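# Results of the structural survey
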Amino acid sequence: MPDNLHALYRECRGDLLRFVRARIGDWAEADDVIQDLWLQIETRRPETISNPRSYLFKMANNIIIDRQREVLRRRSRDRLWQDWRTDFIPARRDAVDPTENAEEWLILQQEVTRLRETVSRLPDGARRVLHLHKIDGHSHSEVARRLGISRSGVEKHMSVAMRHLRRSLVE
């Protein structure tokens, strides 16, 4: 049967193409649908088909429907993304880009540089505890176990680190 389906596809390709073009109106998209149909014929091995010609047209129609659903999903996803990025401003108004401007970005970069410098100047123990707790996300108990120190030792190191960081941010 697959060889018959291939032969029928070759025979009906023109009719299938006209059918798809009439349904979607885009010639390039119609060619893509017909190519997808051919790929599906290549990968599917049906046992018996009572009406192979109808089967081919139904497959083409299903591909069209799947593509239309994908377009709708993509539009919906893009609309949600745009709404999120613009704080749900109605479409009739101009969207505002919530990202910071160049000046804000430069200020932020300077703060990050200052924080990195401050962290690099921390005492070794405080720096290791800060990294394990704040950056790696370990609890005080886990940090204590990893470093072989008491939980109160971890808290003291964190206190030293936070004091240095606060002073750096105030300056």
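The structure we're discussing is the one just above.
Residues numbered from 1 in each chain as written. Predicted model: local features only at pLDDT ≥ 70, side-chain atom pairs only at ≥ 80, totals over all residues. Heavy atoms only, no water.

### Here's the deal with the pattern of salt bridges
We count it as follows: When a carboxyl oxygen of Asp or Glu lies within 4 Å of a side-chain nitrogen of Lys or Arg, that pair is called a salt bridge. Helix numbers and strand numbers start at the N terminus; a helix is a DSSP run of H or I with at least 4 residues, a strand a run of E with at least 2. Relative accessibility under 20% of the residue-type maximum defines a buried residue, over 50% an exposed one, and the middle range a partly exposed one, all with a 1.4 Å probe and only protein chains included.
Taken as a whole and judged by the stated rule, the model has eleven salt bridges. With its nearest N and O atoms 4.0 Å apart, the salt bridge here joins aspartate 66 to arginine 69. Linking aspartate 66 with arginine 69, this pair stays in helix H3 (residues 52–85), spanning three residues, or about one helical turn. Looking at aspartate 66, the relative accessible area reads 43%, which means it is partly exposed. Residue class for arginine 69 comes out partly exposed when judged on its relative accessible area of 49%.

### A few points about the nonpolar core
Counted only if it meets this: We call a set of buried residues a nonpolar core when its members are Ala, Val, Leu, Ile, Met, Phe, Trp, Tyr or Cys and they connect through side-chain atoms within 4.5 Å of each other. It only takes one pair of heavy atoms within 4.5 Å for two residues to be counted as in contact.
Core analysis: the biggest nonpolar cluster contains 19 residues, and Tyr9, Leu16, Val20, Ile34, Leu37, Ile41 and Leu56 have the highest contact counts within it. Going through the elements one at a time, helix H1 (2–24), helix H2 (27–43) and H3 are the ones with two or more residues in this core. With seven residues, the top contributor of residues to this core is H1. Apart from residues no more than four positions distant in its own chain, isoleucine 34 is found in contact with Tyr9, Arg13, Leu16, Leu17 and Val20. Residues Val129, Leu130, Val143 and Leu165 belong to the second largest nonpolar core, which totals eleven residues.

### Here we look at helix H7 (residues 151–170)
Applied cut-off: An expected span of 1.5 Å times one less than the residue number is assigned to each helix. Here, the arc refers to the directions that run from the helix axis to the C-beta atoms.
Taking 1.5 Å of rise per residue, 20 residues should cover 28 Å, and H7 covers 28 Å from first to last C-alpha, within 8% of that figure. Of the positions making up H7, those classed as buried are Gly153, Val154, Met158, Ala161, Leu165 and Ser168. Each buried residue of H7 sits inside an arc of 130° when the element is viewed along its axis, so together they form one side. With respect to the buried face of H7, the exposed residues turned more than 90 degrees away are Lys156, Arg166 and Val170.

It is worth stressing that arrangement in space is one thing and function is another; only the former is reported here.
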